[in-house]
Amino acid sequence: MPPSPPPAKLAQSLANIGLFAALPPGQRQVVERRCRWRSYAEGEQIIDRENDSQDVFFVVDGMARVVNFSPAGREVSFDEIGAGGCFGELAAIDGQPRSASVVAVRPTLAASLPAAAFREILETHFPVGSALLKRLAEVVRDSTDRIMDLSTLGAHNRVYAELLREARVSDPKAFDKGVNQASIRPIPVHSDIAARVSTTRETVARVLSDLSRKGIVDRESDALVLRDVSRLTKMVKEFRGD
């Protein structure tokens, strides 16, 4: 199957990038003029691990996945960065080679900013630096949770925990309102879940089939629906020892 075409031309604007939310429009436009803008097709590599480039990337539209590969070639997925997010900031900060590869999950428009320009913005615009610190704290917390899951949970329970994580990202209002049902859109691909929790797609398929038989998850035309969030949460907590 040929790769998907890049997205249609979009306005070259950073207005929806979370890191720059507090910047006045005039200052944000100055940053926009210093960026390089490029569209990526689905599956196209944006950053290569160990590359010595240091640009910071901002996802204007689409989605990018942060991945590494084991010596045997198995994909290990760390994060997915949607519209409004950014990646590549670590190399811009410490000058070290890239720690992971990044590929476009779907047609993606991204703006890239040279490391020196990015550091200058951090030094001269406190709100941007504060927003970056908050983002890095979230990454550390998420990484801590994932390390704990890998260390303490079996493969089936890691899948349960990942479903809850994805549901919180896809349907946060359901959790805010305390409803016992949440949806994941689009329907997650088995191999993607497997890459995030260090298991096989066959295991993911078995787990989802078992959860479906128990009435905990249900597949609809455009979503995977968690019908009993509290039960799934309890199953994870029992094995974590919470």
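How each quantity is defined
- Throughout, residues of each chain are indexed from 1 in the direction in which the sequence is written.
- The predicted nature of this model means local features are confined to residues of pLDDT at least 70 and side-chain atom pairs, given and counted, to a pLDDT of 80 or more, with totals for whole chains, interfaces and linings taken over all residues.
- Side-chain figures throughout are based on the complete set of non-hydrogen atoms in the structure, without hydrogens or water.
- Only DSSP runs of H or I reaching four residues or more are called helices, and only runs of E reaching two or more are called strands; each is numbered from the N terminus.
- When we talk radius of gyration, it's over C-alpha atoms, and the globule rule is simply 2.2 Å times the number of residues to the 0.38.
- Think of it in three bands: with a 1.4 Å probe and only protein chains considered, a residue is buried below 20% of the maximum accessible area for its type, exposed above 50%, and partly exposed in between.
- Residues count as neighbours in contact if any of their non-hydrogen atoms are within 4.5 Å of one another.
- In these tables, accessible area is a Shrake-Rupley quantity obtained with a 1.4 Å probe, and a residue counts as shielded only by the protein chains included in the view.
- His is not counted here, nor are the chain ends, while Lys and Arg score as positive and Asp and Glu score as negative.
- To locate a charge, the coordinates of NZ of Lys, CZ of Arg, CG of Asp or CD of Glu are taken.
- One bridge is not enough; two strands pair if DSSP finds at least two bridges between them.
- In this scheme Phe, Tyr and Trp rings, the latter by its six-membered ring, pair at centre separations within 6.5 Å, and the angle between planes marks the pair as stacked below 30 degrees, edge-to-face above 60, and tilted otherwise.
- A fitted line through C-alpha atoms represents every axis, and for helices the fit uses only the stretch in contact; the resulting angles, taken between N-to-C directions, go from 0 to 180 degrees.
- Polar contacts, as counted here, are pairs of nitrogen or oxygen atoms within 3.5 Å of one another; within protein the pair requires one atom able to donate a hydrogen and one able to accept it, and residues that are adjacent in sequence qualify only if both atoms are side-chain atoms.

### A closer look at the overall build of the protein chain
Consideration 1: A tally of helices and strands in the protein chain yields 9 helices and 9 strands.
Consideration 2: Its C-alpha atoms give the protein chain a radius of gyration of 19 Å, within 12% of the compact-globule value 18 Å for 242 residues.
Consideration 3: When the backbone C-alpha atoms are referred to their principal axes, the protein chain occupies close to 55 × 40 × 35 Å.
Consideration 4: Out of the 242 residues in the protein chain, the part that is buried amounts to 41%.
Consideration 5: Nonlocal contacts in the protein chain, meaning residues at least 24 apart in sequence, comprise 69% of its contacts between residues at least 6 apart.
Consideration 6: Counting every atom, the protein chain has about 13200 Å² of accessible surface; 53% of that belongs to carbon and sulfur.
Consideration 7: For the protein chain, the centre of its 33 positive side-chain charges and the centre of its 32 negative side-chain charges are spaced 3 Å apart.

### Focus on unusual backbone geometry
Consideration 1: For the bond running from R185 to P186, omega is -10°, close enough to zero to count as cis.
Consideration 2: Tracing the backbone through its elements, the reader meets P186 in the loop between β7 (182-184) and α7 (190-197).
Consideration 3: The residue E50 is not glycine, and still its phi comes out positive at about 70°.
Consideration 4: Looking at the secondary structure, you find E50 in the loop between β2 (45-47) and β3 (56-69).
Consideration 5: Look at S198: it is not a glycine, yet its phi comes out positive at around 60°.

### Concerning the pairing of strand β6 (residues 101-113)
Taken residue by residue, a regular strand's side chains alternate between the two faces of the sheet.
Consideration 1: Bridge count between strand β1 (residues 36-40) and β6: 5 bridges; the pairing is antiparallel. Following the sheet pairing, R38 is matched in β6 by A110.
Consideration 2: Examined bridge by bridge, β2 and β6 share 2 bridges and lie antiparallel to one another. Paired with I47 across the bridge in β6 is V102.
Consideration 3: Pairing of β3 with β6, which is carried by 10 bridges, proceeds in the antiparallel orientation.

### Let's talk about the packing of aromatic side chains
Consideration 1: Under the definition given, this model contains 2 aromatic pairs.
Consideration 2: Where F20 meets F58, the ring centres are 5.0 Å apart and the plane angle is 55°; that geometry is what we call tilted. Taken together, the residues span a long stretch of sequence, with F20 in the segment before α1 (25-34) and F58 in strand β3 at a distance of 38 residues.
Consideration 3: Aromatic pair F57 and F87: ring centres 5.2 Å apart, planes at 5°, arrangement stacked. Of the two residues, F57 sits in strand β3 while F87 sits in strand β5 (residues 86-87), which places them 30 residues apart along the sequence. Accessibility assignment for this pair places F57 and F87 in one class, buried.

### Some details on the sheet that holds β7
Consideration 1: Read from one edge to the other, the open sheet built from 3 strands follows the order β7-β9-β8, with strand pairing classed as antiparallel. Each end of this open sheet is capped by a strand with a single partner; those strands are β7 and β8 (217-219). Neighbour-to-neighbour, the strand axes of the sheet open up by a mean angle of 25°, direction not taken into account.
Consideration 2: In terms of strand pairing, β7 meets strand β9 (residues 224-226) through 3 bridges, oriented antiparallel. Looking at the pairing, I184 lines up with L224 of β9.

### A look at the environment of E32
Consideration 1: Looking at where E32 falls in the secondary structure, it is placed in helix α1.
Consideration 2: The class of E32 is buried, set by a relative accessible area of 12%.
Consideration 3: When the C-alpha positions of E32 and E238 are compared, they lie 49 Å apart, and in sequence the two are 206 residues distant.
Consideration 4: Residue contacts for E32: discarding those within four places in its chain leaves Q12, S13, L14, A15 and W37.
Consideration 5: In terms of polar contacts, E32 uses its side chain to reach the side chain of S13, at 3.5 Å.

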